[in-house]
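One letter stands for each residue in the lines below.
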Amino acid sequence: MAFSFYPLPCKHASLSNCRYVIGTWFVKSLRETLVWTTNRNDVPLSSPSSIFLTNEGKFVLRVADNNDAPLVPDVNEAVSYAVMHDDGNFVLYASDSKILWQSFDHPTDTILRGQKLKDGVDHISSVSVFNQGSGKYKLSVNQNDGLVAIYKFRRLEHDEEASSLVVSKAFADSLSKPVTLNLDIGGNLYLVGSDNVVIRVLYESKTQQGEDTNVYIYRVKLNPNGHFNVYKERIDGMGDKKSVGVQLWSTYTFWTSDNITYILLLTAFVALIGACTWCGVKCKSAEELRRGL
């Protein structure tokens, strides 16, 4: 994984037209997939720009004329150091190693293995591959009934909801709150209550036993077109661009003005929906699911 300036695709051949965002990506993947950006709705950067950790403990972006701007929001304590972890979590630490801020708590359009979509945090698509700003779709988990849904907005300001798509139905029974949407290291996507019991599986991975997690990584992305997909990507620099990333599961949406028709397209593997029920079947824990029990 890398944290730095990421070059956006250029619409024109001239390098003078290219712009950059600051984020994290799979640096050893042939696709160099971008998975997170900071200050995503800011205008993309052009040279010269620099990242600084000042003597006062401020983590800032320095642009022309030595103007500094906060690189991440809501960090009120002095930052001592930053770490780009192998799982894709970029973390700012205090001098006593206390976590001050981490990118896993502020997802953009991608959830990585080991990451949770927490209460009050929306998963928002990008505008396009050329524009990493907040797009027209968001995915959220309702804390009252566990409903997982994708919402489409008429405008990028998210001030008027046009339509919605149910990804996972609401529960009639009471839930152990808060409910989080989890992607584990093996590629399993599921809902978990505060008691760490899996309450519904959206996608159960067919990970081969002994698969090297340093070679393959799983991610979930809400794409600019509103499709919510699970991917498996090779991150050791081997293979070719066509085969390095595989889509495992997807919700393909068909948006209309009056109602939503949707298809759950099962691609390379079979998704198990609602594997954990409330009719006397023993629910799996997150650890049991990870181990394939």
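Parameters at a glance
Residues numbered from 1 in each chain as written. Predicted model: local features only at pLDDT ≥ 70, side-chain atom pairs only at ≥ 80, totals over all residues. Heavy atoms only, no water. Helix = DSSP H or I, 4+ residues; strand = E, 2+ residues; numbered from the N terminus. Buried < 20%, exposed > 50% of the residue type's maximum accessible area, 1.4 Å probe, protein only. Contact = heavy atoms within 4.5 Å. Polar contact = N/O pair within 3.5 Å; in protein donor to acceptor, adjacent residues only side chain to side chain. Phe/Tyr/Trp six-rings, centres within 6.5 Å; stacked < 30°, edge-to-face > 60°. Pairing = 2+ DSSP bridges. Axes fitted to C-alpha atoms, helices over the stretch in contact; angles between N-to-C directions.

(A) Here's a closer look at the environment of Lys118. If you trace the backbone, Lys118 turns up in the loop between strand 11 (115–117) and strand 12 (123–126). Since its relative accessible area comes to 40%, Lys118 is described here as partly exposed. Measuring from C-alpha to C-alpha, the distance between Lys118 and Thr180 comes to 5.1 Å, with 62 residues separating the pair along the chain. Those residues within four positions of Lys118 in sequence are excluded, and the remaining contacts are Asp105 and Thr180. Within the local environment of Lys118, its side chain forms a polar contact with the side chain of Asp105, the two groups lying 3.2 Å apart.

(B) The packing of aromatic side chains, seen in detail. A full pass over the atoms with the stated rule returns 8 aromatic pairs. Centre to centre, the rings of Tyr81 and Tyr93 are 4.9 Å apart; their planes meet at 15°, and the pair counts as stacked. Taken together, the residues Tyr81 in strand 7 (residues 81–84) and Tyr93 in strand 8 (residues 90–93) connect sequence positions 12 residues apart. A residue is classified by how much of its surface remains accessible, and Tyr81, at 30% relative accessible area, is partly exposed. Assessed through its relative accessible area of 11%, Tyr93 is described here as buried. Measuring from ring centre to ring centre gives 6.3 Å for Phe228 and Trp249, while their planes differ by 80°; the resulting arrangement is edge-to-face. Of this pair, Phe228 sits in strand 20 (residues 228–234) while Trp249 sits in strand 21 (residues 245–255), and the two are 21 residues apart along the sequence. The same class applies to Phe228 and to Trp249, which are both buried.

(C) View of the side chain of Asn89. As for its position among the elements, Asn89 is in the loop between strand 7 and strand 8. The residues contacting Asn89, other than those within four sequence positions of it, are Val83, Met84, Gln102, Ser103 and Phe104.

(D) A look at the sheet that holds strand 16 (residues 180–183). The strand order across the open sheet formed by 4 strands is 11-16-17-18, and the pairing between neighbours is antiparallel. Since the sheet does not close on itself, it has two edges, and those belong to strand 11 and strand 18 (198–203), each with one partner. Here the average twist between neighbouring strands, direction ignored, is 25°. Of the strand pairs in this sheet, strand 16 and strand 17 (residues 189–192) are connected by 4 bridges, and their pairing is antiparallel. What sits directly across from Leu183, in strand 17, is Leu189.

(E) Spotlight on the environment of Asn196. Inspection of the secondary structure assignment puts Asn196 in the loop between strand 17 and strand 18. Residue classification places Asn196 among the partly exposed positions, given a relative accessible area of 41%.

The analysis is restricted to geometry; functional conclusions fall outside its scope.
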